[in-house]
Amino acid sequence: MSVLTPAGLPAGFTLEPATGDEVAEVFALVSAEQTAAFGFCADTEEDVRSFLEVPATVPSHERLVRDGDGSVVQWWVAIRPPGDPITHTVITTHPSLADDASDQLARAGWQEMFAWVRAHPPEGVDGEIQVHSGCPADSVANPRHLAQGGFTRRRTFWEMLGPVTDDHRTAPDVPGLTIEASHDVATMHGVLNEAFVGHYGFTPSTLEDWLSLEQAMAGFDPDLRYLATIDGDPAAVMLLSRRLESQDAMYVGELATLERYRRRGIAAALLAHGFEIAAREGLAQLALHVDSENAHSAPSVYRRAGLEVRTAFWAYARTLSRDSA
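Presented here is a report on the structure given in the accompanying data block.

### With respect to the packing of aromatic side chains
Link 1 in the chain: Inspection of every chain in the model, using the stated rule, returns eight aromatic pairs.
Link 2 in the chain: Between the aromatic rings of Phe51 and Trp75, the centroid separation amounts to 6.3 Å while the plane-to-plane angle is 90 degrees, which identifies the pairing as edge-to-face. You can see Phe51 sitting in helix H2 (residues 45-52) and its partner Trp75 sitting in strand E3 (residues 72-79), a full 24 residues away along the chain.
Link 3 in the chain: Overall, Trp75 belongs to the buried group, its relative accessible area being 6%.
Link 4 in the chain: With a centroid separation of 5.0 Å and an interplanar angle of 50 degrees, the aromatic rings of Trp110 and Phe151 are classed as tilted. Of the two residues, Trp110 is situated in helix H3 (residues 99-119) and Phe151 in the loop between helix H4 (141-148) and strand E6 (152-163); the sequence distance between them amounts to 41 residues.
Link 5 in the chain: The exposure class of Phe151 is buried, given its relative accessible area of 7%.
Link 6 in the chain: Following the ring pairs from residue to residue traces out a cluster consisting of Phe38, Phe40 and Phe313.
Link 7 in the chain: Positioned above the aromatic ring of Trp314 is the side chain of Arg153, whose terminal nitrogen or guanidinium carbon lies 4.0 Å from the ring centre.
Link 8 in the chain: Here the guanidinium or amino end of Arg318 rests over the ring plane of Phe114, the centre of that ring lying 4.9 Å away.

Structure representation (structure tokens):
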């Protein structure tokens, strides 16, 4: 493995490219950070693998920092989904790392990742580049590191989880509603593109880019796509994932209803269907993530369907000029 020496790296630490060979080590780092914040790790090894083994079509830049004993103490990630003008950057830090060392390493990390972002700007973006990041809510070192990187906290995202019960599997009666597994990816992509307009961080995508990203996500299963129609017309989409099977849960990766069909109980019916699929798969829970400030009261819909907040993640953003810090 090649060892890198960027400016600002403290003595006694080494830097190397991050690859799929280090999934177990990186997951141990992620688990340590989240356990310090939550008391357990909300992510899975497959989540980590999906970042370390991105398709060649996905621009990314990833580094591992090791201490003098060879242990991984930081993970630097810069990644841009296909066709997305927003670059996502994250620094994951082991909670045992001393503050002065973690701060110095984080400064070096932002410097290197921002240099990569400027050298690989999104297509069609001539001015400032949008950069997003995030961390477990109430973590100690992360907000300090993000402030060092010039980020401002913008949102709180909740992970919501609910047990499979007979009540949660019981769907409301929605006139004209049909929910079916579907491979009509063009129709489902069109529903998602239209339904998510105005949501925080959302950018419409091409079908090709959306498929490329979806298929690279942890737990992807093409047989877990569901299309809801009202009297035969597309109304909503739910995409399930196996990313949390190791935690005995089915995961809702996407759930979206077209505006003209909202407030009819379609989302509740889809979630009931999700609970039913989880039960068929022998899983005990259903999980998803949601913007706590969702403009369409999605958290309330999810609570009524049987989901409650398990963890929270803070979302941060900043703009980056192409030629200066």
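### Description of helix H8 (residues 298-305)
Link 1 in the chain: Every buried residue of H8 is accounted for by Ala298, Pro299, Val301, Tyr302 and Ala305. When H8 is viewed along its axis, its buried side chains cluster within an angular range of 160 degrees and face the same direction.
Link 2 in the chain: Those residues of H8 that are buried lie in contact with E6, strand E10 (249-257), helix H7 (266-280) and strand E11 (285-291).
Link 3 in the chain: Backbone geometry just downstream of H8 places Gly306 in the positive-phi region, at approximately 115 degrees.

### Side note on the sheet that holds strand E7 (residues 177-181)
Link 1 in the chain: Ordered in space as E1-E2-E3-E4-E5-E12-E6-E11-E10-E9-E8-E7, the twelve strands form an open sheet in which the pairing is mixed. A single partner strand is all that each edge strand has here, and the edge strands are strand E1 (14-17) and E7. Each neighbouring strand pair of the sheet contributes to a mean axis angle of 25 degrees, computed without reference to strand direction.
Link 2 in the chain: In this structure, E6 lies alongside E11, joined through seven bridges in antiparallel fashion.

### Observations concerning the packing of H3 against H4
Link 1 in the chain: Running from N to C, H3 and H4 point in directions that differ by 40 degrees, and their axes come no closer than 9 Å. It follows from the interaxial angle that H3 and H4 lie oblique. Handedness of the crossing formed by H3 with H4: right-handed. For the pair formed by H3 and H4, the contact residues are Asp99, Ser102, Asp103, Ala106, Arg107 and Trp110 on the first element and Arg144, His145, Leu146 and Gln148 on the second.

Definitions and cut-offs
- Residues numbered from 1 in each chain as written.
- Predicted model: local features only at pLDDT ≥ 70, side-chain atom pairs only at ≥ 80, totals over all residues.
- Heavy atoms only, no water.
- Phe/Tyr/Trp six-rings, centres within 6.5 Å; stacked < 30°, edge-to-face > 60°.
- Helix = DSSP H or I, 4+ residues; strand = E, 2+ residues; numbered from the N terminus.
- Buried < 20%, exposed > 50% of the residue type's maximum accessible area, 1.4 Å probe, protein only.
- Lys NZ or Arg CZ within 6 Å of the ring centre and 35° of its normal.
- Arc of directions from axis to C-beta.
- Contact = heavy atoms within 4.5 Å.
- Pairing = 2+ DSSP bridges.
- Axes fitted to C-alpha atoms, helices over the stretch in contact; angles between N-to-C directions.
- Parallel < 35°, antiparallel > 145°, perpendicular 65-115°, else oblique.
- Left-handed = near helix turned anticlockwise from the far one by under 90°.

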